[in-house]
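Coordinates in review
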Amino acid sequence: MTNQTVTIRPFEAADTTKLSKIWLEASLLAHPFIGVTRLTAQRALIEEHYLPGAETWVATMGGEPAGFISLLDDFIGGLFVAPDRQGLGIGRRLIAHALALRGELSLEVYTQNAQAMGFYKELGFAELSRRPIDDEGYPFENARLRLIAEGRKG
């Protein structure tokens, strides 16, 4: 599995169900504090609004979606990798692809998601601020992070 080539391509409508499944499975692992009920309910929003409303890039292995990144200009609306494909460099590849397109990226991440916080810090994202509640008003702290491509710093 680790020898398979990762290819990044634009989102296609036919990807919707597979990507929302990746989103749900990865979210259940990374955000257990949100709860199964809330995450399951959000899956429809992912399929109907977020995926088609963003510029989404799909990472594939063996022709099958393994992860994706959704951009709203230079803001990462979501970065998710299938749990059985995590640790293979797919998230790094998606970030590198988006950074090459935009030159600068920002995002918000739940601070309780220690794995994601560490991942982004390791890639060089700098923390800009924190807020005590999430987008839906729940008491889950979010950190705002930003990464600027090497050639644009200065």
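Before reading on, note that the structure itself is shown above.
Residues numbered from 1 in each chain as written. Predicted model: local features only at pLDDT ≥ 70, side-chain atom pairs only at ≥ 80, totals over all residues. Heavy atoms only, no water.

1. Details of helix 3 (residues 90–102)
- For helix 3, which comprises 13 residues, the first-to-last C-alpha distance of 18 Å matches the rise-based estimate of 18 Å (1.5 Å per residue) to within 8%.
- Taken as a whole, helix 3 has its buried residues at I90, G91, L94, I95, A98 and L99.
- Downstream of helix 3 by one or two residues, G103 has phi in the positive range, about 85 degrees. (Helix = DSSP H or I, 4+ residues; strand = E, 2+ residues; numbered from the N terminus. Expected span 1.5 Å × (residues − 1). Buried < 20%, exposed > 50% of the residue type's maximum accessible area, 1.4 Å probe, protein only.)

2. Quick notes on unusual backbone geometry
- One non-glycine residue with positive phi stands out, namely D73, at about 60 degrees.
- Mapped onto the elements, D73 comes out in the loop between strand 3 (64–72) and strand 4 (75–81).

3. Examining the packing of helix 3 against helix 4 (residues 114–122)
- Where helix 3 meets helix 4, the closest approach of the two axes is 12 Å, and the angle between their N-to-C directions is 50 degrees. In this view, helix 3 runs oblique relative to helix 4, as classed from their interaxial angle. Of the two elements, helix 3 crosses helix 4, and the hand of that crossing is right-handed. Across from G91, R92 and I95 in helix 3, the residues of helix 4 making contact are F119, Y120 and E122.
- A per-class count over the contact of helix 3 with helix 4 returns three nonpolar, one polar and two charged. (Axes fitted to C-alpha atoms, helices over the stretch in contact; angles between N-to-C directions. Parallel < 35°, antiparallel > 145°, perpendicular 65-115°, else oblique. Left-handed = near helix turned anticlockwise from the far one by under 90°. Contact = heavy atoms within 4.5 Å. Nonpolar A, V, L, I, M, F, W, Y, C, P; charged D, E, K, R; others polar.)

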